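Results of the structural survey
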Amino acid sequence: MDQRLFRSVGLLVGGALLALGCGGSNSTPSCTPVSGKAEPFPTLDAWCQVSMVGGDVVPNPGVTPYNLNTPLFSDYAVKRRTVWMPPGASATYDGENVFTFPEGTVLTKSFGLPDDVRKAQPVVQWVETRVMWLTGGEWHAVSYTWDQAQTKATVAPGGGVYPKTIIGPDGSTLDAQYLVPQANQCSQCHASNSVTTLIGPKARNLNRDLTYPDGTTENQLAHWTRLGLLTGAPDPSAAPRLPVWNDPSTGTLDQRARAYLESNCAHCHSPGGDAKNSALFLSTFVTDAYSYGVCKKPVAAGGGTGNLLYDIVPGQPDASIMVHRLGSTDPSVAMPQIGRSVVDQAGLQLIEDWIASLPGSCP
Amino acid sequence: MLRKLGVTLLSGAALVLGACSSSSTPDLCSGVAAPCVAFPTGTAASTVTAAFNGTVAANTTFVFGSGTFAFDNTLNLPLVTGMKITGAGIDTTTLDFSGQTAGAGGIHAADGTQNITFSGFTVKNPKGDGIDVKSGVGVYFNKVKVIWTAADNTTHGSYALYPVNSTNVLIDGCVVIGSRDAGLYVGQSKTIIVRNSTVSQSVAGIEIEASSDADVYDNEAFNNTGGILVFALPGLSDPSGNHGTKNVRVYNNNVHDNNTLNFGAAGTTVAAVPAGSGILVIAATNVEVYGNNISNNDAVAFAFVSYCLLDLASSPNFCETLPNPIDPVFNPLGSSAWVHDNTFSGNGGSPHLTNAAGQVQLFGALLFQIKSAFPSSTISELLWDGIGGPGYAPPTGTATSGTPPNPLAYWQKNGASATFGNLNFQGGLVPDPANPVPDTTALRFDVADFTWPGTPTANPPGFPLPAVTVPGA
């Protein structure tokens, strides 16, 4: 059932161009990671950043994997993230914003859809690997979609919709319509004031331990610093840290809910983002409750209000537009607007619990 | 700088690049300045999508042939200057989003797009909005139609054309049918023309919101809930302080039969618009309304009211504490409206108590109540809520002549007579939520319904409006 055709609108690419770098894609390659040029390589192999090994997308030698404390929800996709910088180059630490990365940096993020969210080791169908690279001082982005055999990923600037049946956390069957974004759709999330930017690699979201392929566990900020990938970082204990949204040991309900909203919403809902016209701002740095939705009337929601009056009604999740939109799969209602076709049940529950805990009432 | 994505297009015959031509189909790029990309009749949506996501040179024209092009995802445009997206004609080329499963809206321009033109096609049944342009500079919609066709209009999308946070916007010769919010909407923008366009079966026909320097003329708005709205709203983010709506002219429009029961979603601004509204100006400054034909709108031909009236459902009302801490900059009171030389007929005869869902709608119910109190007359053609600025002393009598009653607003007419009504809402505005139909005594509103007898004493000098300059317009 997982094998329905991927309705790709990728471009035809000449076969002669495929012979760059890597050899067989089921073994660790002997190639060397490379920076990108203005035009993306036609295949993922050519970057030599990651390889498909044993049904998983793993970093090639010299490429560093990373995870985030609170990631974006993407239809329950399993994600693999990597960063690579040209030899000798390093990123500059920033306590609030995304790090400043050096020319030539390449990041990848691979998305695989599990058959059953409840399984510890689900069968994962890898759908796409997105690559963002910095060249000429500008970030570029494109997606590579994996073939059915999971052996090759080919550039797909036109994106596509990938239907997939997933067993959800409550055992229900979910019919995901996973979206591989059009290249132009990348900027809907990845642009701030019309400049393409990264979203995830911020100090607070990277400040966590990771077990690396060699079996060692280390804080990511310390690891990057030790490898020379990052300069200027304080000791991790002195760096900001975003809670893990679903781990109560990492933060209060309020902190975890705000972290979830930041990671899932603030790329658009910020003063330079695609949803700036809404004046609803959801980064964790926003302290004004009205600005993050409490008793705020919608500005541009149209039918997305669900006949509700305010983004957040304290104590009343069911009366809050935010809950309505996070719980919808109608494309004209659902938030985020792209990249989510099924409901994040646990994330929705977190926001419901948080709103239920808020004091006060609205006019 | 802009993201530049280069992918060499190697896909095939359906794409006609530059001056090349296909022998079997008409050359859609003939006579079009290069670079030009053609999508002949029958081109697959995937090919169209790939072209927009490939290398796109500045000033590229994309030409669709006739017929229907069906999309399952929003068509996202690249951040490229000077693009033109054109069809074979407003009723000849249709981009059909009826089967859309991903993305919100039909066409989504990249944030910050400059000098973009949409021309000569229809967008059908998009989920969400028709065409969004955010932070655009030079935005031109020419003979574009957006239509929703489902019988249940509560399933329709919200805004048909949605330029927001933009500068230099021209909407010309466009058609909208069935928006569940505002059909032709321009919001948080500056330097705007909306003309020669027709909107029907929408909640709001044309809406100028939180914007400045706008001309709205030679349009037809009919069979909507409200014909033309000029609004300001609190709680917006524009750092330039452009919360208010100012310097707007609405003239020579035909605004008639806007009696569709309000089917907007509760919680939206337009959900407060009474069915049967011709032209509503709310909390705006420097608005000139003239030369319009306003006819057969059941609730009110023209109303100039404060945001307080739009916020009737809130308790406390936004206006009870001013400046309101939510948005201390926002002035909920309008000023300097100059209304003259309009033609009125058949308006204000039967305001509606409820919206399409059968719910009492306070603003409409207020008009309903007034009409009930004066069964032999109609709602005044020019209606003011009577809420003035700080220090404003309400008029003591009901008959006023000569000097307009509100020092902040000029009410004048030249030529044909019109009736003027002052709701005299200077205090005690908020109705009891448990009794949403306003009680006239408790509310202390006093309908001064009379014919304005005076001769204009001093016309406001008006205000200069900069010309809208849009390339190709």
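Above this note sits the structure.
Notes on the structure in this doc start here. The structure displayed is predicted, hence computed values, not measured ones. (Residues numbered from 1 in each chain as written. Chains lettered and ligands numbered in written order. Predicted model: local features only at pLDDT ≥ 70, side-chain atom pairs only at ≥ 80, totals over all residues.)

The partner chain A presents 53 residues to the 57 residues of chain B that form the contact. Within the residue set of the side of chain B that touches chain A, elements represented by two or more residues are α1 (45-52), β5 (73-76) and β8 (102-108) of chain B. For the side of chain B that touches chain A, the class distribution of residues is 22 nonpolar, 27 polar and eight charged. (Contact = placed C-beta atoms within 7 Å. Helix = DSSP H or I, 4+ residues; strand = E, 2+ residues; numbered from the N terminus. Nonpolar A, V, L, I, M, F, W, Y, C, P; charged D, E, K, R; others polar.)

With that settled, the discussion passes to the environment of Asp56(A). By the secondary structure assignment, Asp56(A) is in strand β3 (residues 56-59). Once the C-alpha coordinates of Asp56(A) and Gly112(A) are considered, the two residues, 56 residues apart in sequence, prove to be 9.0 Å apart.

Another point: the sheet that holds strand β10 (residues 153-155) of chain A. Residues and elements named next belong to chain A. Spatial ordering of the open sheet is given by β4-β5-β7-β8-β9-β10, a layout of six strands whose pairing is antiparallel. In the strand order of this sheet, the two ends are held by β4 (64-66) and β10, each with one partner. Sheet twist, expressed as the average angle between the axes of neighbouring strands with direction ignored, equals 25 degrees. Both strand β8 (residues 124-135) and strand β9 (residues 138-146) contribute to a ladder of eight bridges, which runs antiparallel. When the bridges of β9 are listed, Glu-128 appears paired with Thr-145. (Pairing = 2+ DSSP bridges. Axes fitted to C-alpha atoms, helices over the stretch in contact; angles between N-to-C directions.)

So, about the packing of helix α4 (residues 253-265) of chain A against helix α6 (residues 345-357) of chain A. Residue and element names in this part refer to chain A. Where α4 meets α6, the axes come as close as 9 Å, and the angle between the chain directions of the two elements is 130 degrees. Judged on the interaxial angle alone, α6 and α4 are oblique. The hand of the α4/α6 crossing is left-handed. Counting all contacts with α4, which are made through Leu-253, Asp-254, Arg-256, Ala-257 and Tyr-260, the residues of α6 involved are Gly-347, Leu-350, Ile-351, Asp-353, Trp-354 and Ser-357. Split by residue class, the contact of α4 with α6 holds six nonpolar, two polar and three charged. (Parallel < 35°, antiparallel > 145°, perpendicular 65-115°, else oblique. Left-handed = near helix turned anticlockwise from the far one by under 90°.)

Between Met335(A) and the following residue, Pro336(A), the backbone shows a cis peptide bond with an omega angle of -5 degrees. In this structure, Pro336(A) sits in the loop between α5 (321-326) and α6. At the junction of Ala34(B) and Pro35(B), the peptide bond is cis and its omega measures out at -5 degrees in the coordinates. With respect to the helices, strands and loops of the structure, Pro35(B) is situated in the loop between β1 (16-17) and β2 (36-39).

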